[in-house]
Each structure stands twice: as C-alpha cells, then as structure tokens.
Amino acid sequence: MDYTRENFSFKFKKTLRYLKLYGPNRTFVKIKGQYHMNKSFDKLPQNKTNKNTKKHVGILGCGNYSYSVISHYLKKNYGKTIRGAMDIEINRSASIFKDFNLDYYTANSNEIIEDPQIDLIYIASNHYTHAEYAIDALNNDKSVHIEKPHVVNESQLERLIHAMKKSKGKVRVGFNRPASRFGKLIENYLRKEDGSTMINWFVAGHEINPDHWYFHDKEGGRILGNLCHWTDFCYRMISEENRYPLRIIPSRSEKADCDISITYVFGDGSIATITFSAKGHTFEGVREKLNLHKGNTLISMDDYETMRVDVVDKKKVYKNIFRDHGHELSIKESYELVSKNNEGESIKYIYETADLFLKTKDALETQKEITIKPYEESQLY
Ligand SMILES: NC(=O)c1ccc[n+]([C@@H]2O[C@H](COP(=O)([O-])OP(=O)(O)OC[C@H]3O[C@@H](n4cnc5c(N)ncnc54)[C@H](O)[C@@H]3O)[C@@H](O)[C@H]2O)c1
C-alpha cells in the first residue's frame, strides 16, 4: 500500500499510531522511506570520486527496507559507513546516496561487487536476485547480509553453499526476530527446560496487492517472502539434536501461500503450528501472537510489545516501550561480520533453514506431507 496517496486523515491516524508503536525516530524514517520510494530527480546528483574513503559497505536493492532499516541503522550505529548503493531503479539508489551521504550510486551491481574498497554487502533486492548477488559477492570474497529469503529454489541453495565453501567472505541472513529482546529471552527460557516443546504462532500478514512483485514468477510468493520468518524461528527453538526427522503437514484451502496453516512435528516429538492469515488491511502492519510450552515454562507473546512468562509459581511480564522486532540488532550483527566478532552462519544452518521453507512451500502446493532430514556434508551439496 502506498500511504503517500492516502487522504490526510488516514496519514494522520497512521502517524499517531506509529508514534505510539515505534517512537518518533522510527516513525520519521518510515515516513521518509515511503517518499523515498516515489522519488524522482529532475537532475540526478553527481557521484563523488573519493578513492581514499573509509566507507566500506555496499547495498544492492534500494527499496523501502534498505532505506528505512539498513541505511538508517547503519548510520545510527556506525556513522557514514555506506560507500555505494545500487538499484535497477536509479532514482532510488540516488535517493539513498543523497540522504545517507554515500560516495556513489549506480544501476550496475558489478560496480558494488567488484569495488575493492567494499568488504560487506547488504542485499535487499527482489527475492530471485538475493542468491545470485550473494554468490557473485562471495566469489569476490566479500561478506554478505542476505535479506530473507536467501534462496528461492534448490539450485540457488546448492550454488550458494558451493560459493560459501570457496569464499573468504561470511554470510548472515536477515531473520531479525530471534535478534529481538523477546527473541533472546525466549531462547534463554527454552534452554533451561528439558523435553519436547509446543509452539503456536498466529500471524496476520500485512496487505500485499496481487500484482506486487512478491507474486511474480520466480520470486517465490509469500511462503518464501513472509512465512520464512516463522519457519526459521520455529527451527531455532528446537535444539539441533532434536529437530530431525522433521515432518511438514500442510493445511490450506484456495491458496497455497495465504490463509494457510502448517504443522511441524520434530524428531523429539515437539510440535509447532504456524497459522498465517492474509486478508484485509492490517493498520499496524504484521500482527503476531506466540504461545509456547516447554517443561515448566509457559510463554505468551504479543506483537513484540508484551510477553508473559510463567515458570511454576513465578510469573513475569515483560513490556517493550516500543515494538522491537530485532531489526537494529540484526543489521548490527551483520556489520560485525567484517570484524572478528561474528563468524557468520554455518553452511549447515544456511541449508537447513532454507530446506525447511522450500519444502514447506512444496508441501502447501502439493497438499502432501513431506519429511526432511538434516544437512550432511556428504549429500548433494
Ligand atoms: N527482515 C524484514 O523484516 C524485512 C521487511 C521488509 C522487507 N524485507 C526484505 O527486504 C527486501 C526488499 O524489500 P522491500 O520491502 O524493501 O521491497 P521494495 O519493493 O521496497 O524494494 C525492492 C527494491 O529492489 C529493487 N530491485 C528490483 N530488481 C532488482 C535487481 N535485479 N537488482 C537490484 N535491485 C532490484 C527495486 O527497484 C526496489 O527498489 C526483500 O528481500 C524483503 O523480503 C525484510
């Protein structure tokens, strides 16, 4: 939805609601991000010819997320660190260049990927190009933050893993929710308990027009574009030795990627269900509720605003002043790839979390149960 085209009353109410939910800074950059998307320069700005720069980050894909999350949090935490930005829509890369004080902007991805001053690239373009750009960047020994989903098919997954094996570059995927305050708390609570886990997500997805690029051939639709956040979160909530074999049981009606429910039965008997509803407009964006039970711990979490945890007789209620989906920490963790502080994701993780969302899509499309196995070095990839 293009909020810039809505009437004043809608924009006013939306701004007030977002101020309450996200605070003034985040709301301001979200509004700027909306205008950034429609920016059209009468005369494009001049690139700088700065060879002795300390800026070392590149961006591929300069849409809303790159503007209001990636560029915003990089600037907030590290100052002027982005050197170059690329988008096939030149006005967008020029807009990021101008607003975040970059050295250059371009419509040619190779300029960023082959730039010797750049050692880290954030990829936030259309889904089909994520893996292709990441493979090229890894072949040039750059580290990459790949926005979700990191692949849209098995051939990309195989080639991405091959590139990771040969490269000095490291990889992180933009699954931000586990990096949130509540995500970290949930991880800690689960670690203290033994036995199987019951996980139940209810997610109301934000409205996406049927002609949006998410639904174009090759892009993977909403299972790869949205649901992968929760398939990944479920995967991480179950410890490594307990995950497999993992049964994927689909339920759907008309559509294969909206208004669906998917159940996972893990190797240790843990069960996770994700119900994904996508119908009308959700004024506050994606809404999500989690209920979880493991050992003596019961967790109930609402929209990253409040979380209640009961452990036997002890009850604790956590509240965030503003919604925290973990975006800022996720961008920072990827920035640490180029220092010694973050080794990046393992090949096993990159394979297994992708295998889960790809096979979830298959299960929903074919309406058949699928069982998956863990990554083993000896297999196909
Ligand atoms: N982690 C999160 O919570 C989160 C939230 C929103 C979006 N995202 C991800 O960020 C990415 C971008 O999403 P968005 O919301 O900014 O979408 P968007 O439509 O605002 O931006 C996508 C941009 O990619 C550009 N593009 C298209 N084809 C390209 C190509 N071949 N090379 C380079 N650029 C190309 C488009 O011109 C556009 O500017 C997607 O992968 C999306 O899934 C993540």
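Relevant structure appears above.
Definitions and limits used
Residues numbered from 1 in each chain as written. Predicted model: local features only at pLDDT ≥ 70, side-chain atom pairs only at ≥ 80, totals over all residues. Heavy atoms only, no water. Helix = DSSP H or I, 4+ residues; strand = E, 2+ residues; numbered from the N terminus. Areas by Shrake-Rupley, 256 points an atom, 1.4 Å probe, with all protein chains shown as cover. Lys, Arg positive; Asp, Glu negative; His and termini not counted. Charge placed at Lys NZ, Arg CZ, Asp CG, Glu CD. Salt bridge = Lys/Arg side-chain N within 4 Å of Asp/Glu carboxyl O. Buried < 20%, exposed > 50% of the residue type's maximum accessible area, 1.4 Å probe, protein only. Pairing = 2+ DSSP bridges. Axes fitted to C-alpha atoms, helices over the stretch in contact; angles between N-to-C directions. Patch = residues over 30% accessible without salt bridge, like charges linked within 9 Å, V, L, I, M, F, W, Y side chains within 5 Å. Near = heavy atom within 4 Å. Polar contact = N/O pair within 3.5 Å; in protein donor to acceptor, adjacent residues only side chain to side chain. Nonpolar A, V, L, I, M, F, W, Y, C, P; charged D, E, K, R; others polar. Domains from an automatic or database assignment. Contact = heavy atoms within 4.5 Å. Parallel < 35°, antiparallel > 145°, perpendicular 65-115°, else oblique. Left-handed = near helix turned anticlockwise from the far one by under 90°.

**Regarding the overall build of the protein**
Moving on, step 1. Along the protein, the regular secondary structure elements total 10 helices and 15 strands.
Moving on, step 2. A principal-axis box enclosing the C-alpha atoms of the protein has dimensions of 60 × 55 × 40 Å.
Moving on, step 3. By element, 49% of the accessible surface of the protein is carried by carbon and sulfur atoms, the whole surface being about 17,700 Å².
Moving on, step 4. Distance between charge centres in the protein, computed from 58 positive and 51 negative side chains, equals 6 Å.

**Regarding the pattern of salt bridges**
Side-chain pairing between opposite charges can occur once the charged atoms of the two side chains come close.
Moving on, step 1. Scanning the model with the defined rule gives 27 salt bridges in all.
Moving on, step 2. Salt-bridge contacts for Asp115 lead to Arg83; the nearest nitrogen and oxygen are separated by 2.8 Å. Within this pair, whereas Asp115 is found in the loop between helix 4 (109-113) and strand 4 (120-123), its partner Arg83 is found in strand 2 (residues 82-86), the two being separated by 32 residues in sequence. Comparing Asp115 with Arg83 shows no difference in burial state: the two are buried.

**Brief notes about the sheet that holds strand 4**
Moving on, step 1. If you walk across this open sheet you meet the 6 strands as 3-2-1-4-5-6, and the pairing is parallel. In the strand order of this sheet, the two ends are held by strand 3 (104-106) and strand 6 (171-173), each with one partner. Each neighbouring strand pair of the sheet contributes to a mean axis angle of 15°, computed without reference to strand direction.

**Considering a positive patch on the surface**
Moving on, step 1. On the surface, a cluster of positive charge is made up of Lys32, Lys39, Lys48, Lys75, Lys80 and Lys98.
Moving on, step 2. If you trace the backbone, Lys75 turns up in helix 2 (residues 64-78).

**Focus: the site of the ligand**
Moving on, step 1. Around the ligand sit 26 residues, and of these Asp87, His127, His130, Tyr133 and Lys148 come closest.
Moving on, step 2. Note that an oxygen atom of the ligand is positioned 3.5 Å from one of the backbone N or O atoms of Ser125.
Moving on, step 3. One nitrogen or oxygen atom from the side chain of Tyr133 is found 2.6 Å from a nitrogen atom belonging to the ligand.
Moving on, step 4. Look at the ligand: alone it shows 850 Å² of surface, and the protein chains cover 84% of it.
Moving on, step 5. Listing elements by their share of the shell around the ligand, those giving two or more residues are helix 2 and helix 5 (127-139).
Moving on, step 6. Per-element accounting of the shell around the ligand gives the leading share, 4 residues, to helix 5.
Moving on, step 7. Counted by class, the shell around the ligand contains 9 nonpolar, 12 polar and 5 charged residues.
Moving on, step 8. In this structure, the shell around the ligand is formed jointly by two domains, domain 1 (3-173) and domain 2 (177-325 + 341-372), each of which donates at least three residues.

**What about the side chain of Asp103?**
Moving on, step 1. With respect to the secondary-structure elements, Asp103 resides in the loop between helix 3 (90-99) and strand 3.
Moving on, step 2. A residue is classified by how much of its surface remains accessible, and Asp103, at 1% relative accessible area, is buried.
Moving on, step 3. Of the polar contacts made by the side chain of Asp103, one reaches the side chain of Thr53; its length is 3.0 Å.
Moving on, step 4. Once residues within four sequence positions are removed from consideration, Asp103 is found in contact with Asn47, Lys48, Asn50, Thr53, Lys55, Ile82, Arg83 and Phe97.

**Details of helix 5**
Moving on, step 1. Considered for burial, the residues of helix 5 that qualify are His127, Thr129, His130, Ala131, Tyr133, Ala134, Ile135, Ala137 and Leu138.
Moving on, step 2. Taken from the residues just after helix 5, Asp141 is the one with a positive phi, measuring 60°.

**What to know about the environment of Ile271**
Moving on, step 1. If you trace the backbone, Ile271 turns up in strand 10 (residues 271-277).
Moving on, step 2. Exposure remark for Ile271: the relative accessible area of 28% places this residue in the partly exposed category.
Moving on, step 3. Placed 71 residues apart in sequence, Ile271 and Asn200 show a C-alpha to C-alpha distance of 8.5 Å.

**Focus: the packing of helix 1 (residues 8-37) against helix 2**
Moving on, step 1. Where helix 1 meets helix 2, the closest approach of the two axes is 8 Å, and the angle between their N-to-C directions is 140°. Accordingly, the angle class assigned to the pair helix 1 and helix 2 is oblique. The two elements helix 1 and helix 2 cross, and the hand of that crossing is right-handed. Every residue of helix 2 that contacts helix 1 at Arg26, Val29, Lys30, Lys32, Gly33, Gln34, His36 and Met37 is listed here: Asn64, Tyr67, Ser68, Val69, His72 and Tyr73.
Moving on, step 2. Taken together, the residues of the contact of helix 1 with helix 2 break down into 5 nonpolar, 6 polar and 3 charged.

**Considerations on the side chain of Arg83**
Moving on, step 1. On the basis of relative accessible area, Arg83 is assigned to the buried category, the value being 9%.
Moving on, step 2. Among the polar contacts listed, one links the side chain of Arg83 to the side chain of Asp115, at a separation of 2.8 Å.
Moving on, step 3. Not counting the four nearest positions on each side in its chain, Arg83 is found in contact with Asn50, Thr53, Lys55, His56, Val57, Leu102, Asp103, Tyr104, Asp115, Gln117 and Ile118.

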